[in-house]
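The primary structure of each chain is shown beneath.
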Amino acid sequence: MLLQHLIPLCLLAAPALAQGTMSADEFDSYTRGKTLYYGFEGEAYGVERYLDGRRVIWSFLDGKCKEGVWYEDAGHICFVYEDRLDPQCWTFSQDGGGLIARFENTPEATEIYDAQDIGDAMLCYGPDVGV
């Protein structure tokens, strides 16, 4: 059922129709309390839940979830996660169907992701347990 929703989601990216870059306050207001599914080049990419206090939970749709936080730095929205402390910085803009995210860590960045709240819950498995 999730893939039924993600395929149309991934096709909706429309960078040309996007508004200006969102500020940290605009981003927080838009995302807080939501679970957004991200797509890249027509493929499902990941999901992120946005919590109070600029906390997040990210997954590459594999059930392995990583906790993190986000902050604003020089007009970018930067994320750090429990397993990766180097900041991952993005600019976000809003279009009619959701958010458009552009990776800003490299000057030649052309990666553009679209994100929408499709109403599906985020799946996180517990910690790995060995025998």
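Only a predicted model underlies this, so the values are computations on that prediction, with no experimental measurement involved.

Draft legend 1. How the structure looks around the layout of surface pockets. Computed from the structure, the largest pocket encloses a volume of approximately 470 Å³. Lining the largest pocket are 21 residues, with Tyr45, Trp58, Phe60, Tyr81 and Gln88 sitting closest to its centre. Counting residues per element, the lining of the largest pocket draws most heavily on strand 6 (residues 84-95), at four residues. Classifying every residue of the lining of the largest pocket by side-chain character gives 12 nonpolar, two polar and seven charged.

Draft legend 2. Broad picture of the state of the cysteines. Evaluation of the coordinates by the stated rule reveals two disulfides. Each disulfide pairs two cysteine sulfurs, and for Cys65 the partner residue is Cys124, the sulfurs being separated by 1.9 Å. For the disulfide bridge between Cys65 and Cys124, the dihedral angle about the S-S bond is near -90°, and by the sign convention the bridge is left-handed. Linking Cys65 in strand 4 (residues 65-73) with Cys124 in the segment after strand 8 (112-116), this pair joins segments that are 59 residues apart in sequence. At a sulfur-sulfur separation of 2.1 Å, the disulfide partner of Cys78 is Cys89. Residues Cys78 and Cys89 share a disulfide whose torsion about the S-S bond is about 110°; that sign makes it right-handed.

Procedures and definitions
Residues numbered from 1 in each chain as written. Predicted model: local features only at pLDDT ≥ 70, side-chain atom pairs only at ≥ 80, totals over all residues. Heavy atoms only, no water. 1 Å grid on protein atoms, 1.4 Å probe; cavity = no way out; pocket = protein on both sides within 12 Å on 5 of 7 lines; lining within 4 Å. Points joined across faces, edges and corners; volume = space filled by probe spheres on them. Helix = DSSP H or I, 4+ residues; strand = E, 2+ residues; numbered from the N terminus. Nonpolar A, V, L, I, M, F, W, Y, C, P; charged D, E, K, R; others polar. Disulfide = S-S within 2.5 Å.

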